[in-house]
Amino acid sequence: MTKFGPDSAGFDAGLRWTNSFSQLGEAFFVALQPTPLPAPYWVGHSKPLAQQIGLPDDWSASPDWLQVLTGNRALVGTVPLASVYSGHQFGNWAGQLGDGRAILLGETANLEIQLKGAGLTPFSRMGDGRAVLRSSIREFLCSEAMHGLGIPTSRALCVTGSDAPVRREVMETAAVVTRVAPSFIRFGHFEHFCHHDQHDQLRTLADYVIDQFYPECAHDTRFGSNRYAAFLAEVTRRTADMVAHWQSVGFCHGVMNTDNMSILGLTIDYGPFQFLDAYDPAHICNHSDTQGRYAFGKQPHIAYWNLYCLGQALMPLVGEPEYAIAALETFKEIYPRAYALRMSAKLGLAEPVAQAGPLIEELLILMAADRVDYTIFWRRLSHWARARRMDDPSVRDLFLNRPAIDAWLLSYSELFKHVPQGLAADLMLQTNPKFVLRNHLGEQAIRAAQRKDFSGVSGLLEVLERPFDEHPQYAQYAGFPPEWAASIAISCSS
Ligand code: AMP
Ligand code: MG
């Protein structure tokens, strides 16, 4: 049998590692090595991200990188670790969680490199430390799709697979996703140290995050020059902006627990996520979410709830409740403004105008009533808007209630008579993607990958990296979902 493992010689990739998280101290993590997987193979990889990290051109053909990114070989200069955090899951305090299957290798080019599915850690609880091929492909493609859409997100460098069996509802096989982000620190990290009254560590963590990622907060004079309140306000702003972006593209995260909320306002921890097919604000994409806590339309409210948890966790540092409340209250202004801006852009308005609000509300009611395909509607509208001819049926054909959509299209056309800058048709095509990672597209790529055909993964990646381009050779990825798409059930099990 091939000998794998950290006892084999480490691989010196010639990168400069900084590993700043590992310098925070023992309270924050446990240093450990990934657990090897037998006979790894490449499943997919991102070229642009590899370039950004500074990997050599031939990295994705290199057996050394294959071993390293499966956790089978140490990387010289890194300090692999699993971090501890806690959190609220489905609205309840869940106690200590932590990186149960993700191992942070280290930090290079201001990016943390993390292996998800790399084996047991002290925080694995009842889990096996592994991730399956299915969910790893979903996370890989969605990370890069979100980046392509311009939405703040953790990235994914690659997926490697192994035929090692992993038990879920059925037997599956193992995979490792190499995730990349400036930091994987979550709201739950702060909740952890607050809950345990470890206020020194709480301050160390907050100072580290402010110093590295929010340096402007140290000089913020709002909130009585309280840097921790300013920090809370900035996290609030980034989170509100991220969720406004989600709502505008029809992205449902599925598990907005506080341990899945990035302190940098990045979309992280892709599990049972879904891009809407038919528009439905009540849509629940997570099969395990029986109460619909994380239904599509509730996401802004949940983000606010989660920010309150963060605010609570920061109270030992902020001190004055009114500063924390003032910081959190900004959400109520920032979110609607960010949402209006994004939805207006979808309509072709470079700036929101007062008439756009009611028009959008009316439209969403019509779309929900007729279960209109969200992505196809906006893309068709982007083309329709150029000529705005009522005898062009491309948009009205999507609706059952034809008189209602005709009336809406007329009001929409009227709108531009009152907008001095007119319609920004190019903006629409750059705002309303032709391609999103629909569940059934991911599913098709996964089924092929399970037969060791990875062409679906690379084909989808190609369009999702540039989802606003036409890609005529990939028309099959831009169509309506097939009927079986509705029967795909995605749970927390990954
Ligand atoms: P999630 O809801 O997937 O973000 O996971 C919640 C918590 O469970 C995190 O602490 C994960 O690290 C942990 N976890 C999830 N799946 C596994 C697994 N297969 N093995 C170990 N820990 C896991
Ligand atoms: Mg998580």
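Residues numbered from 1 in each chain as written. Chains lettered and ligands numbered in written order. Predicted model: local features only at pLDDT ≥ 70, side-chain atom pairs only at ≥ 80, totals over all residues. Heavy atoms only, no water.

**Brief notes about the overall build of the protein chain**
Now for step 1: Secondary structure assignment for the protein chain yields 16 helices and 12 strands.
Now for step 2: Over its C-alpha atoms the protein chain spans a radius of gyration of 23 Å, differing by no more than 12% from the 23 Å that the globule rule assigns to 494 residues.
Now for step 3: Along the first, second and third principal axes, the C-alpha atoms of the protein chain reach 70 × 60 × 40 Å.
Now for step 4: Counting all 494 residues of the protein chain, 60% fall into the buried class.
Now for step 5: Excluding contacts between residues fewer than 6 apart, the proportion of contacts in the protein chain whose partners are at least 24 apart in sequence is 72%.
Now for step 6: In the structure as shown, the protein chain presents an accessible area of about 19,600 Å², 53% of it carried by carbon and sulfur atoms.
Now for step 7: Put simply, the protein chain has 41 plus and 51 minus side-chain charges, and the middle of one group is 4 Å from the middle of the other. (Helix = DSSP H or I, 4+ residues; strand = E, 2+ residues; numbered from the N terminus. Rg over C-alpha atoms; globule rule 2.2 N^0.38 Å. Buried < 20%, exposed > 50% of the residue type's maximum accessible area, 1.4 Å probe, protein only. Contact = heavy atoms within 4.5 Å. Areas by Shrake-Rupley, 256 points an atom, 1.4 Å probe, with all protein chains shown as cover. Lys, Arg positive; Asp, Glu negative; His and termini not counted. Charge placed at Lys NZ, Arg CZ, Asp CG, Glu CD.)

**Quick word on the environment of Leu264**
Now for step 1: Tracing the backbone shows Leu264 in the loop between strand 11 (251-252) and strand 12 (274-275).
Now for step 2: C-alpha of Leu264 to C-alpha of Gln96: the two residues are 168 residues apart in sequence and 21 Å apart in space.
Now for step 3: Discounting chain neighbours no more than four positions away, the residues touching Leu264 are Pro182, Ser183, Phe213, Tyr214 and Arg238.

**Considering the coordination of the magnesium ion (ligand 2)**
Now for step 1: The coordination sphere of the magnesium ion (ligand 2) contains the protein donors Asn260 (OD1) and Asp269 (OD), at a distance range of 2.0 to 2.1 Å. Both residues of the pair, Asn260 and Asp269, belong to the buried class. (Donors = N, O, S within 2.8 Å, 3.2 Å for Na, K, Ca; no water.)

**Looking at the packing of aromatic side chains**
Now for step 1: Applying the stated criterion across every chain yields a total of 30 aromatic pairs.
Now for step 2: Ring geometry for Phe377 and Phe399: centres 5.9 Å apart, planes at 85°, overall edge-to-face. Remark: Phe399 occurs in the loop between helix 12 (374-387) and helix 13 (402-415) and Phe377 occurs in helix 12; sequence separation between them is 22 residues.
Now for step 3: Residue classification places Phe377 among the buried residues on the basis of a relative accessible area of 0%.
Now for step 4: Grouping aromatic residues by their ring pairs yields a cluster made of Tyr279, Phe296, Tyr374, Phe377, Trp378, Trp384, Phe399, Trp408, Tyr412 and Phe416.
Now for step 5: Taking the ring centre of Phe273 as reference, the NZ or CZ of Arg138 above it sits at 4.1 Å. (Phe/Tyr/Trp six-rings, centres within 6.5 Å; stacked < 30°, edge-to-face > 60°. Lys NZ or Arg CZ within 6 Å of the ring centre and 35° of its normal.)

**Brief notes about the site of ligand 1**
Now for step 1: Close to ligand 1 lie 17 residues; Gly98, Gly100, Arg125, Gly129 and Asn260 are nearest.
Now for step 2: One nitrogen or oxygen atom from the main chain of Gly100 is found 2.8 Å from an oxygen atom belonging to ligand 1.
Now for step 3: Between Gly129 and ligand 1, the recorded distance is 2.8 Å, taken from a backbone N or O atom to a nitrogen atom.
Now for step 4: For ligand 1, whose unbound accessible area comes to 480 Å², protein coverage reaches 82%.
Now for step 5: Grouping the amino acids of the shell around ligand 1 by side-chain chemistry returns two nonpolar, seven polar and eight charged.
Now for step 6: Shared between two domains, the shell around ligand 1 holds at least three residues of each, these being domain 1 (21-181) and domain 2 (187-272 + 282-342). (Near = heavy atom within 4 Å. Polar contact = N/O pair within 3.5 Å; in protein donor to acceptor, adjacent residues only side chain to side chain. Nonpolar A, V, L, I, M, F, W, Y, C, P; charged D, E, K, R; others polar. Domains from an automatic or database assignment.)

**Overview of the environment of Thr290**
Now for step 1: You can see Thr290 is positioned in the loop between strand 12 and helix 8 (299-318).
Now for step 2: Residue class for Thr290 comes out exposed when judged on its relative accessible area of 68%.
Now for step 3: Taking the C-alpha atoms as reference, Thr290 lies 33 Å from Glu465; in sequence the two are 175 residues apart.

**Some details on the side chain of Arg186**
Now for step 1: Mapped onto the secondary structure, Arg186 falls in the loop between strand 10 (171-181) and helix 4 (187-195).
Now for step 2: There is a polar contact of 2.8 Å between the side chain of Arg186 and the backbone oxygen of Asp259.

**Details of the domain arrangement of the protein chain**
When the parts of a complex come together, some accessible area is lost, and that lost area is often used as the size of the interface.
Now for step 1: Under the domain assignment, the protein chain is made up of domain 1 (21-181), domain 2 (187-272 + 282-342) and domain 3 (349-429).
Now for step 2: On a C-alpha basis, the centroid separation for the pair domain 1 and domain 3 is 42 Å.

**Examining helix 7 (residues 227-249)**
Because an α-helix completes one turn every 3.6 residues, residues spaced three or four positions apart along the sequence face the same direction.
Now for step 1: Compared with an ideal rise of 1.5 Å per residue, which puts 23 residues at 33 Å, helix 7 spans 33 Å between its outermost C-alpha atoms and is within 8% of the ideal.
Now for step 2: Judged by how many residues are buried, helix 7 sits mostly within the fold: 19 of 23 residues are covered.
Now for step 3: N-capping of helix 7 is provided by Asn226, with a side-chain oxygen placed 3.1 Å from the backbone N of Tyr228.
Now for step 4: Immediately beyond the C-terminal end of helix 7, within one or two residues, lies Gly250, with a positive phi of roughly 80°. (Expected span 1.5 Å × (residues − 1).)

**A short note on the packing of helix 15 (residues 439-450) against helix 16 (residues 455-465)**
Now for step 1: It is the contact of helix 15 with helix 16, at a shortest axis distance of 7 Å, that shows an interaxial angle of 150°. Only Gly456, Val457 and Leu460 of helix 16 make contact with helix 15, whose side of the interface consists of Leu441, Gly442, Ala445 and Ala449.
Now for step 2: Class assignment of the residues belonging to the contact of helix 15 with helix 16 gives a composition of five nonpolar, two polar and no charged. (Axes fitted to C-alpha atoms, helices over the stretch in contact; angles between N-to-C directions.)

**Looking at the pattern of salt bridges**
Now for step 1: Scanning the entire structure with this criterion turns up 27 salt bridges.
Now for step 2: Across the pair Glu139 and Arg179 runs a salt bridge whose closest N-O atoms are separated by 3.0 Å. With Glu139 in helix 3 (residues 133-148) and Arg179 in strand 10, the pair connects residues that are 40 residues apart, well separated along the chain. The pair Glu139 / Arg179 is uniform in exposure class, with both members buried.
Now for step 3: Of the charged contacts in the structure, one is a salt bridge between Asp469 and Arg466, with a shortest N-O distance of 2.5 Å.
Now for step 4: In this structure Asp469 comes out as partly exposed when scored by relative accessible area, which is 30%.
Now for step 5: The network of salt bridges with common partners includes Lys116, Glu139, Arg179, Arg186 and Asp269. (Salt bridge = Lys/Arg side-chain N within 4 Å of Asp/Glu carboxyl O.)

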